[in-house]
Amino acid sequence: VQLQASGGGLVQAGNSLRVSCSYSIRNYVVGWFRQAPGKEREFVAAVSWNGDHTMYGESVNGRFTISRDDAKRTVYLQMDRLKPEDTANYSCAAGLAMEIQARRYLYWGQGTQVTVSS
C-alpha cells in the first residue's frame, strides 16, 4: 500500500487549506497525523474504508473535516479556521481500524508541511 500526502503550504491564521492523501489500494481506514518540531506525533482525523464514519482529535474537532473519494483514491483533510498551533508536518496512514494511536496504522506516506502564520 502506497500513500502520498500533498497540498501543504503557508497560510495565514484564520484561513483554510486542504491537504490530500492519495492511496494505492482501497478498503483501508485512512488517518491523518501531525508532528511539530519537538512535539509528539498527534492524531488529527480518520475516515472509515467506506467514508461512512469519521473521528477527530480534540484540538481540531469542529474546524477540520476529513472525507474520501474512493474513485479518485484520495482522502482529503479540509482545515478551516487555522491557528499557528496547527503548524506541523501532516502525514497520512492506512490501517485496518479507526485508531488514534499511530502505532496501529500499517502503512505510512511522506508528509506535507503546513505552516500557519499569525
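See the structure shown above.
The sections below set out a description of the structure shown in this document.

Considerations on the state of the cysteines
And step 1. Evaluation of the coordinates by the stated rule reveals 1 disulfide.
And step 2. The disulfide bridge from C21 ends at C92, spanning 2.1 Å between sulfur atoms. Taking the torsion about the sulfur-sulfur bond, which here is approximately 80°, the covalent link between C21 and C92 counts as right-handed. One end of the pair, C21, is in strand β3 (residues 17-23); the other, C92, is in strand β9 (residues 88-95), and 71 residues separate them in sequence.
And step 3. For C92, a relative accessible area of 0% corresponds to the buried category.

Things to note about a nonpolar patch on the surface
And step 1. A grouping of L96, L106 and Y107 is seen on the molecular surface, where their side chains present a nonpolar patch of about 310 Å² in accessible area.
And step 2. Within the fold, Y107 resides in strand β10 (residues 107-108).
And step 3. Using a relative accessible area of 31% as the deciding quantity, one classes Y107 as partly exposed.

Comments concerning the packing of aromatic side chains
And step 1. Throughout the structure, instances matching the rule amount to 5 aromatic pairs.
And step 2. Geometrically, the ring pair formed by F33 and W108 is tilted, given 5.2 Å between the ring centres and 50° between the ring planes. Taken as a pair, F33 in strand β4 (residues 29-35) and W108 in strand β10 lie far apart in primary sequence, 75 residues in all.
And step 3. Assessed through its relative accessible area of 30%, W108 is described here as partly exposed.
And step 4. With 6.4 Å between their ring centres and 65° between their planes, Y105 and W108 make a pair best called edge-to-face.
And step 5. Ring pairs connect the aromatic residues F33, F43, Y105 and W108, which therefore count as one cluster.
And step 6. Here the guanidinium or amino end of R41 rests over the ring plane of W108, the centre of that ring lying 4.3 Å away.

Describing the pattern of salt bridges
Note that side chains of opposite charge can pair when their charged atoms are close.
And step 1. Summed over the entire model, instances satisfying the criterion amount to 5 salt bridges.
And step 2. As a salt-bridge pair, D86 and R34 come within 2.8 Å of each other at their nearest N and O atoms. Of this pair, D86 sits in the loop between β8 (74-79) and β9 while R34 sits in strand β4, and the two are 52 residues apart along the sequence. Each member of the pair D86 and R34 is classed as buried.
And step 3. Its salt-bridge partner being D70, residue R68 comes within 3.7 Å of it at the nearest N-O pair.
And step 4. Each of the salt bridges in this network shares a partner with another, and the network as a whole consists of R34, E42, R63 and D86.

Thresholds, definitions, all that
Residues numbered from 1 in each chain as written. Predicted model: local features only at pLDDT ≥ 70, side-chain atom pairs only at ≥ 80, totals over all residues. Heavy atoms only, no water. Disulfide = S-S within 2.5 Å. Helix = DSSP H or I, 4+ residues; strand = E, 2+ residues; numbered from the N terminus. Buried < 20%, exposed > 50% of the residue type's maximum accessible area, 1.4 Å probe, protein only. Patch = residues over 30% accessible without salt bridge, like charges linked within 9 Å, V, L, I, M, F, W, Y side chains within 5 Å. Areas by Shrake-Rupley, 256 points an atom, 1.4 Å probe, with all protein chains shown as cover. Salt bridge = Lys/Arg side-chain N within 4 Å of Asp/Glu carboxyl O. Phe/Tyr/Trp six-rings, centres within 6.5 Å; stacked < 30°, edge-to-face > 60°. Lys NZ or Arg CZ within 6 Å of the ring centre and 35° of its normal.

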